[in-house]
Every structure is written in C-alpha cells, then in structure tokens.
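Take a look at the letters that make up each chain.
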Amino acid sequence: MDEKTRFAEYNVTRHIVSESAQMQAVFEYARRVASTKATVLITGETGVGKEVIAQAIHDNSPRRKGPFKEINCGAFSKELIQSELFGHEKGAFTTAIRQHRGIFEQANGGTLFLDEVGEMPFEAQVKLLRVLEDKEFTPVGGEQVIKVDVRLIAATNINLKTAVNEKRFREDLYYRLNLFRIQIPPLRNRRSDIPPLVQNFVAELSEEHNKSVTRVTSEALAYLQNADWPGNVRELRNVIEAAIILTEDEKLGEEVVKLVVENLDTSEETSDMIPTVSDNSNAVVTGYSQTSEETSPTLVENIKDGLWTLIWKGTIPEITAHISLMRYVSEVQQRSKKDIAKHLKISVPTLDKYCGYAKKMLKME
C-alpha cells in the first residue's frame, strides 16, 4: 500500500471523510507535509477539524510512534500557561506543591499540537519563540536547561496577521509558525461533504448509543445540507448525536433533526434574566434590582442554560470563561472586579477577558 492510499484510508477512520475538492486539497497538503519536520499552521473556523488534521499529520509522520500531545493555549491564564507548557519546580509558586513536567517535555520525540495559539498570552509567546529556535527551555522556578526534540503543529481560528498588526501576537513568532499553512474551509463552503459525514456519524453514534438507526431520510438530509453550520463539523456531529438519542425509529427524519437544530438556536437567545457585565472599571454587576437571595437561583439556572449551549458549540476558552461567570454570580450579585478576581484566583485582566468571552457568547453586547 503506497503512502497516499494509506493516508486516504486513515482519513476515513478519523471521521474526516470527504467528497469535496476543497478537503481533498487539504488532505493532499497534509500528506505531503507529514513526512517532513516542518512546523505546520492550521487555520479555520471553530469545529472544522483542525485537531483531526493535526493528528493525521502526526500519525503519518516518522514520529508516529512518539507521543502526540495537545494543549489549548486559550484555556489558561498568563500565570499558568508557562507552567503548562514548560513545567515547574516544586515551590516555584504558592500552589506548586510538587514538580510538574510541561507539555513540551511530555511531547519529546513526538508532536505537540498548540490549539488556539492566537490566544496565547504575550509573555508566553516570547518563551515559545525561544524554544522553537533553540529547542531547549528552563522550567518555571528551575535552573536546569531541558533539551527537546518536538515537531510543532499550531492551530488558530483568528487571523494571526491581524493580531500581529494589533500588537496582540509577536510578528517574529508569526513568521516562525507560518512556515507551512493549511487552511480548512468551513462546512458551509463544502456542502457536498455533509451527506458522507452524516452517514458516518449515524453509523458511529448509533452503535455508541445502542440504537438501531441505520439511515437518514432524504428530507432530513436536504434540511441538513441547507443549514449554515456556524459550528461546522463539530456542530453537525452534535446534532446527529442528539437526534439519534431522541428518535425511536430506525431512520432519522426531518422532524427530529429540525427539532434539535431549532432547540439549539433557541437556547442561545438571551432574556432579561441573563446577567450583564458593566463597563465600569470598578464593579461587575447584574441587571437585577432585586437582592441576591431572591434572584440567584433563577439567575444561575439561566447561566447554566448558556453553558449547555457552549458545551455544544463553544470552544474550551469560552466554556472556561462561562464557568467562571457561573462561579461568581452564584455567590454575589455585585462585587468589585478585584474581589472577584481574587476569589477566582485569577488576575483582573484575565477576568476582563473571561467576561468578554461570556458577553460575546451570551449576546449581551
């Protein structure tokens, strides 16, 4: 079996089956770069399958027997990201009760996938660039230099060039990462991929949930093909999974599929019960005039509804932000940013970023 055939068959097992010319081009780019040592930058919207392509590149590379490690760069505060990337020594900071091996060290001899690299705090970008250039680093609070042999694959759903122009991303790191770029198109631009993806998901998820669903009606498939899928392949998979769970038939009909999609859209709509975050630099407040004892239970339930939507469609940083919002709203209705940040053990700028994510996802702006 030649390399190209093996890669194509691997695509099927990784659930990135496709019939579109756009994705065939993506597969060909991935196949060609897999055998090299080149750093790869994968771009595309949330849910298009960036991690799956990264895994496919690793599994078809000379490093396939080595570890494949991944980290979401937007899921950690600037205080923690360097520890996660490079590790720390015992006693390096207050909660460092034991030594921790960072993800770079864990990926030695294999591939490291940096997801949402555009969300990496600026301070960590400096050290990442040094590691890429020198292939060595020093853990937080340590003195020993650790050498590593790691192939880097990065991914982002933002425009890194714009981030560079806005001074949010280092220009030198951008050019270091942007050696070989693979752009994954959104699902709405390759609708011919929807039928094979749907059939693949039906077969996989029906077995997983011990259901007897074997096919999708033509009406349901037409409905799915005409949807916009802002959450891309991930959203499509979630819809099929929920529809399989709900159906009592051996086929998925348009009614159940439409119900799932409309329920997801409805759950994103906000109401007056959703808290608002003021632009006041000294306080974070809700939109209520009642006391916290009167409103907290209902308020938290509505915020939990927002979290359910994020679990279906959101990114890890957005989910993290929303959980943080839930934590402080469940305890206080009005409190200074400084107090809230201290309670959550994060910085005020990090709290601001989390609130920004929550406002964006809950459509509070």
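It should be emphasised that the depicted structure is a prediction, and the values quoted were computed from it without experimental measurement.

Trainee: Account for the overall build of the chain, naming residues and giving values.
Mentor: When its secondary structure is counted, the chain shows 16 helices and eleven strands. Within the span of the chain, comprising 365 residues, buried residues form 50% of the whole. Taking contacts inside the chain between residues at least 6 apart in sequence as the whole, the part at least 24 apart equals 72%. As displayed, the chain offers around 18100 Å² of accessible surface, 48% of which is attributable to carbon and sulfur atoms.

Trainee: Could you give an account of the sheet that holds strand β3 (residues 111-115), with specific residues and numbers?
Mentor: One open sheet accounts for five strands, arranged β2-β3-β6-β1-β7; its pairing is parallel. Taken across any chain shown, the strands that pair with only one partner, and hence form the sheet edges, are β2 (68-72) and β7 (180-183). If you compare each strand with its neighbour and ignore which way they point, the axes differ by 20° on average. Here four bridges tie strand β1 (residues 40-43) to strand β6 (residues 151-156), and the two strands are oriented parallel to one another. Its bridge partner lying in β6, Thr-43 is registered against Thr-156. Lying over the sheet, helix α2 (residues 21-34) contacts β1, β6 and β7, oriented at roughly 155° with respect to β7.

Trainee: How would you summarise the packing of aromatic side chains if you had to cite specific residues and measurements?
Mentor: The final tally for this structure, using the stated rule, is six aromatic pairs. Relative to Phe-180, the ring of Tyr-29 lies with its centre 5.7 Å away and its plane at 50°, an arrangement referred to as tilted. Here Phe-180 lies in strand β7 and Tyr-29 lies in helix α2, a separation of 151 residues in the sequence. Between the aromatic rings of Phe-104 and Phe-137, the centroid separation amounts to 6.3 Å while the plane-to-plane angle is 50°, which identifies the pairing as tilted. Taken together, the residues Phe-104 in helix α5 (residues 103-106) and Phe-137 in strand β4 (residues 136-137) connect sequence positions 33 residues apart.

Trainee: Give me the lowdown on helix α11 (residues 232-246), citing residues and values where you can.
Mentor: Taking 1.5 Å of rise per residue, 15 residues should cover 21 Å, and α11 covers 21 Å from first to last C-alpha, within 8% of that figure. Taken across its 15 residues, α11 has eleven buried, putting it largely inside the fold. Restricting attention to buried positions, one finds in α11 the residues Asn-232, Val-233, Glu-235, Leu-236, Asn-238, Val-239, Ile-240, Glu-241, Ala-242, Ala-243 and Ile-244.

Trainee: Explain the pattern of salt bridges to me, using residue names and the numbers behind them.
Mentor: When charged atoms on two side chains of opposite charge get close, those side chains can pair. Under the criterion given, the structure shown has 13 salt bridges. Measuring nitrogen to oxygen at the nearest pair gives 3.6 Å for the salt bridge that ties Asp-228 to Arg-191. Of this pair, Asp-228 sits in the loop between α10 (218-226) and α11 while Arg-191 sits in the loop between β7 and α9 (194-208), placing them 37 residues apart in sequence. Taken together, the shared-partner salt bridges connect Glu-28, Arg-31 and Arg-32 into one network.

Trainee: How would you sum up α2? Please name residues and give values.
Mentor: With 14 residues, α2 should reach 20 Å at 1.5 Å per residue; the first-to-last C-alpha distance of 20 Å fits that figure. Taken residue by residue, α2 has Met-23, Val-26, Phe-27, Glu-28, Ala-30, Arg-31, Val-33 and Ala-34 as its buried positions.

Trainee: Any details on the nonpolar core? Residues and values, ideally.
Mentor: For soluble globular proteins, nonpolar side chains are generally found buried alongside one another. Counting 31 residues, the largest nonpolar core has Leu-85, Phe-104, Leu-112, Leu-114 and Phe-169 as the members making the most contacts within it. Broken down by element, this core gets its largest block of residues, five residues, from helix α6 (residues 122-134).

Calculation rules
- Residues numbered from 1 in each chain as written.
- Predicted model: local features only at pLDDT ≥ 70, side-chain atom pairs only at ≥ 80, totals over all residues.
- Heavy atoms only, no water.
- Helix = DSSP H or I, 4+ residues; strand = E, 2+ residues; numbered from the N terminus.
- Buried < 20%, exposed > 50% of the residue type's maximum accessible area, 1.4 Å probe, protein only.
- Contact = heavy atoms within 4.5 Å.
- Areas by Shrake-Rupley, 256 points an atom, 1.4 Å probe, with all protein chains shown as cover.
- Pairing = 2+ DSSP bridges.
- Axes fitted to C-alpha atoms, helices over the stretch in contact; angles between N-to-C directions.
- Phe/Tyr/Trp six-rings, centres within 6.5 Å; stacked < 30°, edge-to-face > 60°.
- Expected span 1.5 Å × (residues − 1).
- Salt bridge = Lys/Arg side-chain N within 4 Å of Asp/Glu carboxyl O.
- Core = buried A, V, L, I, M, F, W, Y, C linked by side-chain atoms within 4.5 Å.

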